[in-house]
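Examining the three-dimensional arrangement
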Amino acid sequence: MAHEGPNGKESETLMDLGDARQQKPARAGLAKGDRGEAPKDLGSDEASTAGRETERSGTDRLMEQVVETSNAQAALKRVVQNKGGPGLDGMRVEELAPYLRANWRRIRSELLAGTYQPQPVLRREIEKSGGGLRMLGIPTVLDRFVQQAILQVLQPRFDPMFSTHSYGFRPGRSAHDAIRAAQGFIQEGRHWVVDCDLEKFFDRVNHDVLLSRLARRIEDKRLLGLVRRYLNAGMMADGVVIERHEGTPQGGPLSPLMANVLLDEVDKELEKRGHAFCRYADDCNVYVRSERAGQRVMVQLRKLYTRLRLKVNEDKSAVAQPWDRKFLGFSFRLTKGGKVKRCVAPQSLDKMKERVRKITARNGGRSMQSVVASLRTYLTGWRAYFRHTEVRTELRRLDAWVRRKLRILQLKQWKRGRTAFRELCARGLDRIPAARIAARCRRYAWASRQPAIFVALPDKLFDSMGLPRLVR
C-alpha cells in the first residue's frame, strides 16, 4: 500500500516493519552495547547527506527525513535490539512492529503536522555507586522509536560540529578513548587535573537554554516543538503524573545527544583558551601543569556552567593530581621510569568486591553452579570494560580473591565437619589434611587459605564451571 509523500511522489508505508529485525542494511550501526546512539550509516540518502549539508541548509524539512521509510525501519531495528522494559502504557518491544503496521500512517501524519503528543515517562530510581539515587525516565516503546528516528537524523548533523575532546554518546567514540586521551595529557607533564562534576545534570537541564542551542542549527518548527514536548512530558511516579519544567531524564535515546548539544558550548570555550581536556557526558576533566592554573580553570568552569544554568557539585569536584582522582572508573599511576599507566580506580575495585560479596553470600539455598552463573554474567561485563588496565597485578589478585570467596561459600554450604570431611576425601584429599580442615571448617578465612583446600577445590574446578578469569 502506498500514499502521496511530501514531494508529490508515492511514499511506501511501514506495513513491512515486522520484517525490520531480519533486515541487515549495510553498516547498520554501532555495537549493541552503545544504546541510543545513531548508526553511522542508516542506508538512506536523507541520513547520509545530513552530515554534509551546511549548518542550516534544509533544516526546515527535517521532519520529512525523520519519517522517511528507511530511517523509520532503522529506528525500529535499533529499539528492538536495545530491548528494555515497557513504559507507562505497558507495550512491550515485541508489540511495537505490529502496532506500527496498524498505526504508522496516522503517526506519520501527526509527526508531519506537528501534532504528535508524547506520553509521560515512567520514573525509575536506581542506586548510584557513590551513594544516592539516579532517576531514570522510561519512555513508552513507541516514544523510544520516535526519539530514535529523530536521533538518527540529528546525530549526523550535530556530531561533526562537536569538539574533538567530547567522547560520550558519539558514534565511533568510547569511554576508553577518553581515558587514553587523558593518559596522553598526563604523560605530557600535565600532572594536575580539574575534575569538575555537575550536580544532578540530567535533572537540571534548562529547557529554554537547550532549545535555544538547538534552534541555532534547526529551522524545522515541527521538530523543535516535538523536542520541547518530549522535554515537557510528565513523569509518572506512584500513580501520579508530575509536570516537568527542567531536566531531560536518562532513559530515552535523545537525552545523550541533548546533553552534548548543551555542553558543547563549554567545550568550545575550553578549546578557544587552549586547554587540554576530556569530556564524557557531564564528566569533564581539564589537565594543567600546576595547582594554581587548575584553580583558575575551576573558576572559569563555574562561570561557564552558570551561564547554562547548571551547578557544579562542590563536594565531588576538586583540583588534584590525577592519581588521586577517578575518571570513568579508571585512575593513573606514575611509574619510576616516568611512564603513566592506566589502572582500575580504587573506588571501582571496592564496588566490584561489594557486588561479588552479594553474589557469593549464603542465602536462598543456591547451588554453586547458580552462584558461578551469576558471577559469570557480572565478571564478563566487568572484564570487558576494565581490560584496558595496564596494571595486571591487581586483576590477578582479584582472580584469586573471587575464587577464595567461592571456596568459603563451599565450606559454608557443607555446614558440618562430617560433611566437609566426606566431600574433601571424595575430591582427592588425604584423610589427615581433610580431617584437619573439617575440624575447623567453620573458621572460613583460615580454612580457605590452607594448601590442602586448593587440592580439593582447585582453580581449574571453577574454570570448568564457566567462571571467567580476569587475566587470561
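Anyway, here's the lowdown on the structure attached to this text. (Residues numbered from 1 in each chain as written. Predicted model: local features only at pLDDT ≥ 70, side-chain atom pairs only at ≥ 80, totals over all residues. Heavy atoms only, no water.)

1. Quick look at the sheet that holds strand S9 (residues 283-288)
Here is the rule: By this definition, two strands are paired if DSSP reports at least two bridges between them. For helices the rule is a DSSP run of H or I covering at least 4 residues; for strands it is a run of E covering at least 2, with both sets numbered from the N terminus onward. Angles shown run from 0 to 180 degrees and are taken between the N-to-C directions of axes, each axis being a line fitted to C-alpha atoms and, for helices, limited to the stretch in contact. Two residues form a contact once any of their heavy atoms are found within 4.5 Å.
If you trace the 4 strands from one edge of the open sheet to the other, you get S8-S9-S5-S10, paired in antiparallel fashion. Either end of the sheet is taken by a strand with one partner, and the two such strands are strand S8 (276-280) and strand S10 (318-320). Strand-to-strand, the axes of this sheet are offset by a mean angle of 15°, without reference to chain direction. In the packing of helix H6 (residues 175-187) onto the sheet, the strands contacted are S8 and S9, and the crossing angle to S8 comes to about 160°.

2. Details of the pattern of salt bridges
Convention followed: We count a salt bridge whenever a side-chain nitrogen from Lys or Arg sits within 4 Å of a carboxyl oxygen from Asp or Glu. Only protein chains enter the accessibility calculation, which uses a 1.4 Å probe; a residue whose area is less than 20% of its type maximum is buried, one above 50% is exposed, and one in between is partly exposed.
Within this structure, the stated rule accounts for 28 salt bridges. Residue Glu110 pairs with Arg106 through a salt bridge whose shortest N-O separation is 3.3 Å. Of this pair, Glu110 and Arg106 both sit in helix H4 (residues 96-113), 4 residues apart, which is roughly one turn of the helix. Look at Glu110 and you get partly exposed, because its relative accessible area is 22%. Overall, Arg106 belongs to the partly exposed group, its relative accessible area being 38%. The salt bridge partner of Arg427 is Glu423, with a shortest N-O separation of 3.8 Å. On the basis of relative accessible area, Arg427 is assigned to the partly exposed category, the value being 32%.

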